[in-house]
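Below, each chain spelled out in residue letters.
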Amino acid sequence: MTETKPFVISKALIWEAYQRVKSNKGAAGIDGQTIEEFASDEKKNLYRIWNRMSSGSYFPPAVMAVSIPKKSGGERILGIPTVSDRIAQTAVTMLLEPDLESIFHDDSYGYRPGKSAHDALAITRKRCWQRDWVLEYDIRGLFDNINHDLLLKALRHHCNERWVLLLVERWLTAPLQGEDGLKEPRSVGTPQGGPLSPVLANLFLHYALDNWLATHHPSIPFCRYADDGILHCCTKVQANTMRKYLDARLKEVGLELHPDKTRVVYCKDSNRTRTHEHIKFDFLGFTFRPRTTTNRDGQLFSAFTPAVSRSALTAMRRSTRCRRLHLHSEWGLEDLARVFNPRVRGLMGYYCRFRGSEFYPVAKHVDMVIVRWAMRKYKRLRNRKSRAIAWLERVKRKQPAMFVHWCGCGEFNVGAMGAQ
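The rules behind the values
- Chains are numbered independently. Their residues run from 1 in the order of the written sequence.
- The model is predicted, so local features are restricted to residues of pLDDT at least 70 and side-chain atom pairs to those at 80 or more, both for listing and for counting; the totals for chains, interfaces and linings are taken over all residues.
- The side-chain numbers reported here are obtained from all heavy atoms of the structure, hydrogens and water having been left aside.
- To qualify as a helix, a DSSP run of H or I must reach at least 4 residues; to qualify as a strand, a run of E must reach at least 2; elements of each kind are numbered from the N terminus.
- Expected helix span is given by 1.5 Å per residue-to-residue step, counting one fewer step than there are residues.
- A simple rule labels every residue: compare its accessible area, found with a 1.4 Å probe on the protein chains alone, to the largest value its type can have, and call it buried under 20%, exposed over 50%, or partly exposed in between.
- Pairing of N or O atoms within 3.5 Å defines a polar contact, subject to two protein rules: one partner must be a possible hydrogen donor and the other a possible acceptor, and residues neighboring in sequence count only if both atoms are side-chain atoms.
- Only buried Ala, Val, Leu, Ile, Met, Phe, Trp, Tyr and Cys residues count toward a nonpolar core, and they belong to the same one when joined by side-chain atoms within 4.5 Å.
- Contact definition: two residues touch when any of their heavy atoms are within 4.5 Å.
- The term salt bridge refers to a pairing of a side-chain nitrogen on Lys or Arg with a carboxyl oxygen on Asp or Glu at a separation within 4 Å.

Below, the discussion takes up helix H5 (residues 117-130). End to end, H5 covers 20 Å across 14 residues, agreeing with the expected 20 Å (1.5 Å per residue, within 8%). Of the positions making up H5, those classed as buried are Ala117, His118, Ala120, Leu121, Ile123, Thr124, Arg127 and Cys128. Backbone nitrogen of His118 and a side-chain oxygen of the N-cap are separated by 3.3 Å at the start of H5; the cap is Ser116.

Counting 66 residues, the largest nonpolar core has Ile14, Met53, Ile87, Val92, Trp163 and Val168 as its most contacted members. Per-element tally for this core: the top contributor is helix H9 (residues 197-216), with ten residues. Once you skip the residues sitting within four places of it in the chain, Ile87 turns out to touch Ile14, Ala17, Tyr18, Val21, Phe38, Leu46 and Ile49. Grouped together as the second largest cluster of nonpolar side chains are 53 residues, Cys267, Phe288, Val308 and Val369 included.

Quick look at the pattern of salt bridges now. Using the criterion set out here, one finds 13 salt bridges in the structure. Among the ionic pairs, Arg140 bridges to Glu256, the shortest N-O distance being 3.6 Å. Note that Arg140 is positioned in the loop between strand S3 (133-138) and helix H6 (142-145) and Glu256 in the loop between helix H10 (236-252) and strand S8 (263-266), a separation of 116 residues in sequence. The class of Glu256 is partly exposed, set by a relative accessible area of 35%. Where Arg338 meets Asp335, a salt bridge forms, and the shortest distance between an N and an O atom there is 2.3 Å. With a gap of three residues between them, Arg338 and Asp335 both fall in helix H12 (residues 333-351), about one helical turn apart. The class for Arg338 is exposed, based on a relative accessible area of 55%. Through salt bridges that share partners, Asp132, Asp269 and Arg272 make up one connected network.

In structure tokens, the structure reads:
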């Protein structure tokens, strides 16, 4: 006898969503079930998800609230769904994404397939060369303050699948559960951390901001990555006016500009000689500011360009320090390289895209960790830093490819930094 359900949902969609969740790994939710535990009886578990979603009886469990530190200070609350709920959310995300992608603005870059932070940085750099002024803005607590009614109105405009609308409404109101076990009901916002939240946030901001800018201020180029964005203006007056307009617009939809992270910046370079309070801004871990460079003829000039920000450099060094890898004197040098290289390769891949020489302090810091490790491991180097540095230089000459940062990064090579 054929099993009939109120909603037609493909089992293949649930399976594909499961494969994506499994490849992304991730922590357990409030039920404590890990991906490995889910996989031990995956057929039964996947059928349960499909059956409940198809019958309309799927009610998401509470989302586990986890506090993580922000690079800029303070804390951010992430919402960690259970493995089963991540699969259900991913299935809805996979269904919504293709349709919503077709309506999103080209200058929205965050959490979108085929777009990256590097794309956002490249277009921002180009436009900073074209226009003298920038309005740098940040939306305070975006994920915590999204208006449910406005979001669902936008979703209904683009989706007529009743089961999707039903589940999204339930996910929006699923409570957050803290470490003390207390559940906090929600009537606004979408927890940052679930697979569906980025798509919903982009949909909300498409109508709250992107489409509004394109319609009412088409002469102002912009770039947005989630809650961070840049508006490019011709004059200081225009930039300050746009700040007022932007502030008013966000208040209309229940959001607000972050007062400390929103400012008007002058893109100063060799051809722009005015003075202004702000001549630099941070965007996606990079600082845009005047920097000395050379033209094709070898002449020095000042250009307004991006490079890894000071706060990002500090965070990278702090993260390396916290791992305390120098204490593992039982390891060999190859073991140290095996642990370091994937992390450093990822950092270099991101931060060395623009003016890679600015990554030098992190590369030097990694070398100093290796030096400290060697001083603990080898008696002849103990309490003799100069000898340990000389030892490291010999290792570099013999095995220059052992550590990924020894091979250089774009515009710099760190082969001889250890002795500096």
